[in-house]
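Commentary on secondary and tertiary structure
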Amino acid sequence: MIKFKDGFFWGSSTSAEQSEGRLENDGKMLTVWDKFFSDSPYKFHDNIGPETTSTIYKHFKEDIKLLKQTGHTAYRTSISWARLIDDKGNINQKAVTFYNSYFSLLKENGIKVFVNLYHFDTPLYIQEKYNGFVQKETVKLYAKYAKTCFELFGDLVDSWFTFNEPIVSVECGYLLQYHYPLEVDSKKAVQVAYNIALASALAVKEFKKLNLKSKIGIILNITPSYPRSNNEFDVKAAHIADLFATNSFLDPCVKGEYSKDLVEILKKHDLLPSYTEEELKIIKENTVSFLGINYYQPLRVCAKANLPNDNAPFMPTYYYDSYVMPGRRINKYRGWEIYPHALYDIAKNIQNNYGNIEWFVAENGMGVEDESRFKKDGIIQDDYRIDFIKQHLVELHKAIEEGSNCKGYMHWTFIDCWSWLNAYKNRYGFIELDYNTQKRYIKKSGYWFKELSDNNGF
Ligand code: BGP
C-alpha cells in the first residue's frame, strides 16, 4: 500500500478564466483571452470562447458540496485581475463579495484555500496600454493589484501564489504565437520573463509587509529535459533546454539569482533585458517560501542537427531539437508522453538543488478527447485517469520517503474546464460538465479520489 503522511493534502486546481464565467453586469473587464477569441486568426475548438465555463461565479455553493463529496481537502483557483480592478483603477465590489463568499465557504468546509494571482489572464486594458509585461508599468500595477488582494482576502487564504507557469506566458505570447499578443520577438520575450520575475518578487515584498499567517509561493511548470544519449552534445542540449524551461524562473524565485549559464547565452545573443541593480536586489531579497509544481510531460532532447540561419529570431530551440522517443508511452487521447518517473526526478532536483523547499504538485492530469464515449450507467468510467494518477503518486511517494518536502497533490482539474486553445476538446475533470445545461456528473475517478483522500493512500 502507498500511504502518505498525515496532513498530506488532496486537491484540484483550476483558474478564474477557465472556471468563473462572465455574467451580465458582473463588472468583469475584458481579458486578453476575449480579444484572442474575437480577433485572432486562431480557430478555437468548436468555436467556444472563454465565456463558456462551468460558471463557478454562480454555482460555487453546489460546487463546494461536490468538492466535499469527492474528498477534497484543498482547492486552488485564481483571482481574476480584470474582475477585481477596472480600467480606472477602481475595485469592483461585486468581485469582492464573490471572492469573499467563495473563499469563506471553502474555509467553512475545511478545504484549504490556495489562491493564485495571475493565470495567463492579463486585463485587456493593461495589455493594450502597456503591451502587458513588456513594460515596467505593468509590473507596478501588478504589485498594487497583489497588495489589494492580500488586504482584501488575506484572512481567508491559506497559500498565495504570484503566477502560474510564467514561462508559458513568455513562450506562447512572444515566441510561439499561441497566446495573445501572438508576437515573435526574442528581445521582448526575455524582457517579459525578467519583468514577471520582478513582479513576483514585488508581490512577495508586499506580502511580507502585512504579516499574514499564510504562505506565498509561485507555480512553475517543470518539464525535465532528458538527453537522447550520453554523448556530450546531447547532454549539453538537455542542459540548455533546462536552463530555459526550468531554471529561468526556478532560480530567481527560489535562489534569488539567475543561472550564470543562462545569462551567458542571453549575453551572447545580445538579449539581456533592461534591469537595474535595485531591481536585482528586490529579486534577491524576496524569494518564495513555497512552490507549486505543474507536471504533465517531459522534454526529450538531442543536439541540434542544423543551426538556424542568422536572421531567425532567437528561440531556446536554437541549441536543441526535441524528438519523440521510440516506444514511449503516450496519452493516446491527447498525444502527450506519460512518464511518471519525471515527478521523482523533479522532487529530487528540488530536494538537492533548491534547499528542499516546501512544495506540492499543483497540476497533474490527463486530458481526454471525446470522453463521453466511456460513459456507462450514467458515469464516465475513467480508469485510465485513475491509473495515471496512481502511477504518478507512486513516484512522488518514493521521493517523499527519501526526504522530499512535498506536502500535497492537486489534480488538474476539478470540473471539466475551458482550455486556452482547445476549449472543451480535452476533458480533464473529476466531474463531467455539460456546458449547455450546466449539469455536473461525478466521474469514476471523482469517487475514487474520495477513497484516496479518506485513506491517505491506495
Ligand atoms: C497548464 C495550465 C492549465 C491547463 C493545463 C492543461 O499548462 O496551467 O491552465 O490548461 O495546462 O493544458 P490544456 O488545457 O492546454 O490541455
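Residues numbered from 1 in each chain as written. Predicted model: local features only at pLDDT ≥ 70, side-chain atom pairs only at ≥ 80, totals over all residues. Heavy atoms only, no water.

**Let's talk about the packing of helix H7 (residues 136-153) against helix H9 (residues 186-209)**
Just so we agree on the cut-off: Working convention: axes come from line fits to C-alpha atoms, limited for helices to the stretch in contact. Angles between N-to-C directions cover 0 to 180 degrees. A run of H or I in DSSP counts as a helix once it spans at least four residues, and a run of E counts as a strand once it spans at least two, with each numbered from the N terminus. Angle categories are assigned with fixed cut-offs, so that under 35 degrees is roughly parallel, over 145 is roughly antiparallel, 65 to 115 is roughly perpendicular, and the rest are oblique. Less than a right angle of anticlockwise turn of the near helix away from the far helix marks a crossing as left-handed, whereas a clockwise turn marks it as right-handed. Contacts are residue-level and defined by heavy atoms, with any inter-residue pair within 4.5 Å sufficient. Lys, Arg, Asp and Glu make up the charged group, whereas Ala, Val, Leu, Ile, Met, Phe, Trp, Tyr, Cys and Pro make up the nonpolar group; the residues left over, Gly among them, are polar.
Two elements in contact, H7 and H9, have axes separated by 9 Å at closest approach and are oriented at 30°. Relative to H9, the element H7 is oriented roughly parallel. Considering the relative orientation of H7 and H9, their crossing is right-handed. Facing Lys136, Val139, Tyr142, Ala143, Ala146, Lys147 and Phe150 of H7, the residues of H9 in contact are Gln191, Tyr194, Asn195, Leu198, Ala199, Ser200, Leu202, Ala203, Glu206 and Phe207. For the contact of H7 with H9, the per-class residue count stands at eleven nonpolar, three polar and three charged.

**Let's talk about the site of the ligand**
Basically, it comes down to this: For this purpose, a residue is taken to be near a molecule or strand whenever a single non-hydrogen atom of the residue falls within 4 Å of it. We call two N or O atoms a polar contact when they sit within 3.5 Å, provided that within protein one can donate a hydrogen and the other can accept it, with sequence-adjacent residues counted only if both atoms are side-chain atoms.
As a matter of local geometry, the ligand sits amid Gln18, His119, Asn164, Glu165, Tyr296, Arg334, Trp336, Glu363, Trp412, Ser419, Trp420 and Tyr428. One of the side-chain N or O atoms of Gln18 is found 2.8 Å from an oxygen atom in the ligand. For the shell around the ligand, the per-class residue count stands at five nonpolar, four polar and three charged.

**A word on the pairing of strand E7 (residues 290-294)**
For clarity, the threshold we go by: Using a 1.4 Å probe on the protein chains alone, a residue whose accessible area is under 20% of its type maximum counts as buried, one over 50% counts as exposed, and one in between counts as partly exposed. Two strands pair if DSSP finds at least two bridges between them.
With five of five residues buried, E7 lies mostly within the body of the structure. Every second residue of E7 is oriented toward a common face, with Phe290, Gly292 and Asn294 on one face and Leu291 and Ile293 on the other, all of them buried. As paired elements, strand E5 (residues 215-221) and E7 share five bridges and run parallel to each other. Paired with Ile218 across the strands is Leu291, a residue of E7.

**Overview of the nonpolar core**
The condition is simple: Throughout this description, the term nonpolar core refers to a set of buried Ala, Val, Leu, Ile, Met, Phe, Trp, Tyr and Cys residues connected via side-chain atoms within 4.5 Å.
Formed by 126 residues in total, the largest nonpolar core has its most connected members in Phe103, Trp160, Leu291 and Leu396. Counting eleven residues, the second-largest nonpolar core is a separate cluster that includes Leu243, Phe314, Tyr318 and Tyr319.

Such coordinate-based values are descriptive only and should not be taken to indicate function.
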